[in-house]
Amino acid sequence: MFDTRDLGPVPGENYTADTRNYPWHRPPEIDTYDGTVDYVIDRMRDEQTAEIVYSLMEIGRPLTNIVAGLMMQGIGRGKFQIDMAVLAAGPVYRYLQMLADSSNIKYEDGLNKKRIPITATTLKMVMGIIDDEEAPEEPVEAATAPVGGLMGSPSPEETTEAPADVQAAMLGMTDEEEEV
Amino acid sequence: MKFEDAIEKSIKAFLDGKLPEELVKVQDGEILYTPEYMDEMAEDFADLDLEDEVEEDV
(Lines give C-alpha, C1' and ligand atoms only; values in the text may rest on other atoms or scores of the structure.)
Protein backbone atom coordinates (compact mmCIF):
# COMPACT_ATOMS: atom_id res chain seq x y z
CA MET A 1 0.00 0.00 0.00
CA PHE A 2 1.24 3.46 -0.89
CA ASP A 3 2.15 5.52 2.15
CA THR A 4 2.63 9.25 1.62
CA ARG A 5 4.81 9.43 4.72
CA ASP A 6 7.56 7.67 2.76
CA LEU A 7 7.94 10.77 0.62
CA GLY A 8 8.93 13.00 3.55
CA PRO A 9 7.23 16.19 4.69
CA VAL A 10 4.29 17.56 2.78
CA PRO A 11 5.27 20.68 0.78
CA GLY A 12 4.58 23.74 2.92
CA GLU A 13 4.52 21.74 6.11
CA ASN A 14 7.25 23.97 7.51
CA TYR A 15 4.81 26.91 7.46
CA THR A 16 2.52 25.09 9.88
CA ALA A 17 5.06 25.21 12.73
CA ASP A 18 6.26 28.15 14.74
CA THR A 19 9.60 29.04 13.23
CA ARG A 20 10.92 30.25 16.56
CA ASN A 21 10.52 26.95 18.34
CA TYR A 22 14.16 25.97 18.08
CA PRO A 23 17.37 28.01 18.05
CA TRP A 24 18.28 26.73 14.59
CA HIS A 25 14.96 28.01 13.23
CA ARG A 26 16.04 31.57 13.94
CA PRO A 27 18.67 33.56 12.06
CA PRO A 28 22.15 32.60 13.32
CA GLU A 29 23.87 34.78 15.90
CA ILE A 30 27.19 34.54 14.08
CA ASP A 31 27.34 34.94 10.33
CA THR A 32 31.05 35.41 9.71
CA TYR A 33 33.76 32.84 9.13
CA ASP A 34 36.17 34.31 11.69
CA GLY A 35 33.37 34.78 14.20
CA THR A 36 32.45 31.11 13.91
CA VAL A 37 36.04 29.95 14.44
CA ASP A 38 36.43 32.39 17.35
CA TYR A 39 33.28 31.06 18.97
CA VAL A 40 34.33 27.40 18.74
CA ILE A 41 37.86 28.12 19.99
CA ASP A 42 36.41 30.10 22.90
CA ARG A 43 34.13 27.17 23.68
CA MET A 44 37.17 24.92 23.90
CA ARG A 45 38.67 27.25 26.48
CA ASP A 46 35.68 26.54 28.69
CA GLU A 47 36.79 24.11 31.41
CA GLN A 48 34.07 21.55 30.92
CA THR A 49 34.33 21.52 27.13
CA ALA A 50 38.13 21.31 27.35
CA GLU A 51 37.88 18.29 29.64
CA ILE A 52 35.62 16.52 27.19
CA VAL A 53 37.77 17.41 24.18
CA TYR A 54 41.00 16.26 25.83
CA SER A 55 39.37 13.06 27.06
CA LEU A 56 38.01 12.26 23.61
CA MET A 57 41.43 12.81 22.06
CA GLU A 58 43.06 10.61 24.68
CA ILE A 59 40.69 7.70 24.09
CA GLY A 60 41.53 7.83 20.39
CA ARG A 61 38.38 9.43 19.05
CA PRO A 62 39.18 10.85 15.58
CA LEU A 63 39.68 14.62 15.51
CA THR A 64 37.22 14.91 12.63
CA ASN A 65 34.50 13.44 14.88
CA ILE A 66 35.35 15.88 17.67
CA VAL A 67 35.19 18.81 15.25
CA ALA A 68 31.83 17.56 13.94
CA GLY A 69 30.54 17.33 17.51
CA LEU A 70 31.65 20.85 18.40
CA MET A 71 30.10 22.20 15.22
CA MET A 72 26.83 20.37 15.88
CA GLN A 73 26.69 21.98 19.32
CA GLY A 74 27.02 25.43 17.78
CA ILE A 75 24.35 24.66 15.19
CA GLY A 76 22.03 23.27 17.86
CA ARG A 77 22.39 26.45 19.88
CA GLY A 78 21.60 28.58 16.86
CA LYS A 79 25.03 30.22 16.89
CA PHE A 80 25.82 29.54 13.23
CA GLN A 81 24.39 27.73 10.25
CA ILE A 82 25.34 24.29 8.95
CA ASP A 83 27.03 25.77 5.86
CA MET A 84 29.21 28.00 8.00
CA ALA A 85 30.04 25.08 10.30
CA VAL A 86 31.29 23.04 7.37
CA LEU A 87 33.37 25.93 6.02
CA ALA A 88 34.93 26.74 9.40
CA ALA A 89 35.83 23.13 10.25
CA GLY A 90 39.39 23.42 8.90
CA PRO A 91 40.77 26.01 11.35
CA VAL A 92 39.02 24.29 14.27
CA TYR A 93 40.64 20.98 13.30
CA ARG A 94 44.03 22.70 13.06
CA TYR A 95 43.53 24.22 16.51
CA LEU A 96 42.69 20.79 17.95
CA GLN A 97 45.86 19.42 16.39
CA MET A 98 47.85 22.14 18.17
CA LEU A 99 46.23 21.33 21.50
CA ALA A 100 46.97 17.63 21.07
CA ASP A 101 50.57 18.25 20.03
CA SER A 102 51.22 20.66 22.89
CA SER A 103 49.83 18.11 25.36
CA ASN A 104 51.72 15.20 23.77
CA ILE A 105 48.50 13.35 23.03
CA LYS A 106 48.71 10.77 20.27
CA TYR A 107 45.56 11.51 18.32
CA GLU A 108 43.68 9.85 15.53
CA ASP A 109 43.24 12.37 12.70
CA GLY A 110 40.28 10.56 11.11
CA LEU A 111 41.17 11.74 7.62
CA ASN A 112 42.29 8.45 6.13
CA LYS A 113 39.37 6.28 6.99
CA LYS A 114 39.20 3.09 5.00
CA ARG A 115 35.70 1.86 4.45
CA ILE A 116 35.25 -1.76 5.38
CA PRO A 117 33.01 -3.41 2.78
CA ILE A 118 29.89 -4.93 4.29
CA THR A 119 29.69 -8.63 3.53
CA ALA A 120 27.81 -11.53 5.05
CA THR A 121 30.98 -12.60 6.83
CA THR A 122 31.70 -9.17 8.35
CA LEU A 123 28.09 -8.87 9.49
CA LYS A 124 28.27 -12.30 11.12
CA MET A 125 31.49 -11.29 12.86
CA VAL A 126 29.90 -8.09 14.18
CA MET A 127 26.78 -9.93 15.32
CA GLY A 128 28.78 -12.78 16.83
CA ILE A 129 27.19 -15.44 14.64
CA ILE A 130 29.49 -18.35 13.82
CA ASP A 131 28.42 -21.06 11.39
CA ASP A 132 29.65 -24.56 12.12
CA GLU A 133 30.23 -25.12 8.42
CA GLU A 134 32.21 -21.93 7.98
CA ALA A 135 34.13 -22.09 11.21
CA PRO A 136 37.73 -22.88 10.42
CA GLU A 137 38.87 -26.19 11.76
CA GLU A 138 41.71 -25.60 14.11
CA PRO A 139 43.96 -28.52 14.94
CA VAL A 140 43.25 -29.65 18.44
CA GLU A 141 46.30 -30.35 20.48
CA ALA A 142 46.22 -33.43 22.63
CA ALA A 143 45.75 -32.43 26.22
CA THR A 144 48.71 -33.27 28.31
CA ALA A 145 47.96 -33.79 31.95
CA PRO A 146 50.65 -32.78 34.38
CA VAL A 147 52.50 -35.74 35.72
CA GLY A 148 53.48 -36.10 39.36
CA GLY A 149 52.89 -33.68 42.18
CA LEU A 150 49.93 -33.48 44.49
CA MET A 151 47.28 -32.68 41.86
CA GLY A 152 48.93 -34.34 38.85
CA SER A 153 48.28 -37.83 37.60
CA PRO A 154 50.67 -40.49 38.91
CA SER A 155 53.69 -41.26 36.81
CA PRO A 156 54.05 -44.83 35.40
CA GLU A 157 56.54 -45.64 38.14
CA GLU A 158 54.08 -44.59 40.81
CA THR A 159 51.21 -46.58 39.32
CA THR A 160 50.76 -49.84 41.16
CA GLU A 161 48.03 -52.28 40.45
CA ALA A 162 46.06 -53.47 43.44
CA PRO A 163 46.11 -57.22 44.07
CA ALA A 164 43.12 -59.25 42.87
CA ASP A 165 41.67 -59.83 46.37
CA VAL A 166 41.82 -56.10 47.17
CA GLN A 167 40.09 -55.31 43.92
CA ALA A 168 37.43 -57.92 44.69
CA ALA A 169 36.93 -56.45 48.17
CA MET A 170 36.53 -52.98 46.66
CA LEU A 171 33.89 -54.35 44.32
CA GLY A 172 32.09 -56.04 47.20
CA MET A 173 32.88 -59.51 45.94
CA THR A 174 34.17 -60.98 49.18
CA ASP A 175 34.05 -64.67 49.98
CA GLU A 176 31.39 -64.15 52.66
CA GLU A 177 29.01 -62.48 50.22
CA GLU A 178 29.67 -65.13 47.65
CA GLU A 179 28.75 -67.78 50.18
CA VAL A 180 25.54 -65.99 51.06
CA MET B 1 26.73 13.04 1.94
CA LYS B 2 26.58 13.03 5.70
CA PHE B 3 27.51 16.02 7.86
CA GLU B 4 30.65 14.23 9.11
CA ASP B 5 31.74 13.55 5.52
CA ALA B 6 31.27 17.22 4.61
CA ILE B 7 33.33 18.24 7.65
CA GLU B 8 36.07 15.82 6.66
CA LYS B 9 36.11 17.11 3.08
CA SER B 10 36.28 20.69 4.31
CA ILE B 11 39.19 19.88 6.64
CA LYS B 12 41.11 18.16 3.86
CA ALA B 13 40.61 21.20 1.60
CA PHE B 14 41.81 23.55 4.35
CA LEU B 15 44.89 21.41 5.01
CA ASP B 16 45.63 21.56 1.26
CA GLY B 17 45.68 25.34 1.59
CA LYS B 18 42.32 26.00 -0.03
CA LEU B 19 39.95 28.68 1.24
CA PRO B 20 36.24 29.13 0.55
CA GLU B 21 36.72 31.66 -2.25
CA GLU B 22 33.12 32.81 -2.57
CA LEU B 23 32.86 33.33 1.17
CA VAL B 24 36.05 35.39 1.13
CA LYS B 25 34.53 37.59 -1.59
CA VAL B 26 31.32 38.05 0.40
CA GLN B 27 33.27 38.96 3.52
CA ASP B 28 35.20 41.75 1.77
CA GLY B 29 38.24 39.56 1.11
CA GLU B 30 39.38 39.62 4.70
CA ILE B 31 39.67 36.39 6.61
CA LEU B 32 41.86 35.93 9.64
CA TYR B 33 41.92 32.15 10.03
CA THR B 34 43.75 31.21 6.85
CA PRO B 35 45.99 28.12 6.61
CA GLU B 36 49.04 30.40 6.83
CA TYR B 37 47.73 32.09 9.98
CA MET B 38 47.07 28.70 11.58
CA ASP B 39 50.62 27.58 10.70
CA GLU B 40 52.00 30.68 12.45
CA MET B 41 49.76 29.96 15.41
CA ALA B 42 51.09 26.38 15.55
CA GLU B 43 54.67 27.71 15.60
CA ASP B 44 53.76 30.06 18.46
CA PHE B 45 52.23 27.11 20.31
CA ALA B 46 55.42 25.11 19.84
CA ASP B 47 57.55 28.06 21.06
CA LEU B 48 55.37 28.40 24.15
CA ASP B 49 55.81 24.70 24.89
CA LEU B 50 59.59 25.00 24.57
CA GLU B 51 59.62 27.98 26.92
CA ASP B 52 57.58 26.04 29.46
CA GLU B 53 59.96 23.10 29.26
CA VAL B 54 62.99 25.39 29.76
CA GLU B 55 61.34 26.98 32.79
CA GLU B 56 60.59 23.55 34.26
CA ASP B 57 64.22 22.47 33.75
CA VAL B 58 65.49 25.61 35.50
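Residues numbered from 1 in each chain as written. Chains lettered and ligands numbered in written order. Predicted model: local features only at pLDDT ≥ 70, side-chain atom pairs only at ≥ 80, totals over all residues.

As a further point, take the overall build of chain B. Regarding its fold elements, chain B presents three helices and zero strands. Listing each helix as α and each strand as β along chain B from the N terminus yields α-α-α. Considering chain B as a whole, with its 58 residues, one finds that 14% of them fall into the buried category. (Helix = DSSP H or I, 4+ residues; strand = E, 2+ residues; numbered from the N terminus. Buried ≥ 20, exposed ≤ 12 C-beta atoms within 10 Å, placed from the backbone.)

Attention shifts here to the overall build of chain A. Secondary structure summary: chain A contains eight helices and zero strands in total. Its helices and strands in sequence order give chain A the pattern α-α-α-α-α-α-α-α, from N to C terminus. The buried share of chain A, taken over its 180 residues, is 17%. Residue pairs at least 24 apart in sequence account for 67% of intrachain contacts in chain A once pairs closer than 6 positions are excluded. (Contact = placed C-beta atoms within 7 Å.)

Bringing the interface of chain A and chain B into the picture now. Tallying the contact residues gives 20 residues for chain A and 22 residues for chain B. The element best represented in the side of chain A that touches chain B is helix α5 (residues 89-102) of chain A, accounting for seven residues. Residues of the side of chain A that touches chain B, tallied by class, amount to 12 nonpolar, six polar and two charged. (Nonpolar A, V, L, I, M, F, W, Y, C, P; charged D, E, K, R; others polar.)

Residue and element names in this part refer to chain B. When the pLDDT values of chain B are averaged, the result is 83; 83% of them are 70 or greater. Mean pLDDT values for the elements of chain B range from 77 in helix α3 (residues 35-57) up to 92 in helix α1 (residues 3-15). Two numbers describe this predicted complex: its pTM, 0.64, and its ipTM, 0.85. (pLDDT = per-residue confidence, 0-100.)

So, about α1 of chain B. Residue and element names in this part refer to chain B. With 13 residues, α1 should cover 18 Å at 1.5 Å per step; its first-to-last C-alpha distance of 18 Å lies within 8% of that length. Here α1 has its buried residues at Ile-7, Glu-8, Ser-10, Ile-11 and Phe-14. One side of α1 holds all its buried residues, which, seen down the axis, span an arc of 165°. At the exit of α1 stands Gly-17, carrying a positive phi of roughly 90°. (Expected span 1.5 Å × (residues − 1). Arc of directions from axis to C-beta.)

On to the packing of helix α3 (residues 63-76) of chain A against α5 of chain A. All names here are of chain A. Their axes nearest at 10 Å, the elements α3 and α5 cross at an angle of 125°. Comparing their axes, α5 and α3 come out oblique. Like other packed secondary-structure pairs, α3 and α5 cross with a definite hand, here right-handed. Facing α3, whose interface residues are Leu-63, Thr-64, Ile-66, Val-67, Leu-70 and Met-71, α5 presents Ala-89, Val-92, Tyr-93, Leu-96 and Gln-97. A class-by-class count of the residues in the contact of α3 with α5 yields nine nonpolar, two polar and no charged. (Axes fitted to C-alpha atoms, helices over the stretch in contact; angles between N-to-C directions. Parallel < 35°, antiparallel > 145°, perpendicular 65-115°, else oblique. Left-handed = near helix turned anticlockwise from the far one by under 90°.)

With 28 residues, the main nonpolar core has Val-67, Ala-88, Ala-89, Val-92 and Leu-96 of chain A as its most contacted residues. For this core, the elements supplying multiple residues, two or more each, are α1 (33-45), α2 (47-58), α3, α4 (82-87) and α5 of chain A together with α1 of chain B. Non-local contacts of Val-67 of chain A, meaning those with residues more than four positions away in its chain, are made with Ala-89, Val-92, Tyr-93 and Leu-96 of chain A together with Ile-7 and Ile-11 of chain B. (Core = buried A, V, L, I, M, F, W, Y, C linked by C-beta atoms within 7 Å.)

Residues and elements named next belong to chain A. Notably, Asn-104 is not glycine yet its phi reads approximately 55°, a positive angle. When you line up the elements, Asn-104 lands in the loop between α5 and α6 (120-127). Exposure remark for Asn-104: the 7 C-beta atoms within 10 Å place this residue in the exposed category.

For the rest of this paragraph, the subject is the packing of α3 of chain A against α1 of chain B. The contact between α3 of chain A and α1 of chain B brings their axes to 9 Å, and the two run at 115°. Taken together, the axes of α3 of chain A and α1 of chain B lie roughly perpendicular to each other. As for how α3 of chain A packs across α1 of chain B, the hand of that crossing is right-handed. Seen from α3 of chain A, the contacting residues are Thr-64, Asn-65, Val-67, Ala-68 and Met-71 of chain A; seen from α1 of chain B, they are Phe-3, Glu-4, Ile-7, Glu-8 and Ile-11 of chain B.

The next thing to look at is the environment of Phe-45 of chain B. Inspection of the secondary structure assignment puts Phe-45 of chain B in helix α3. With 16 C-beta atoms counted inside 10 Å, the residue Phe-45 of chain B sits in the partly exposed group. Not counting residues up to four positions away in its chain, the partners in contact with Phe-45 of chain B are Met-98 and Ser-102 of chain A.

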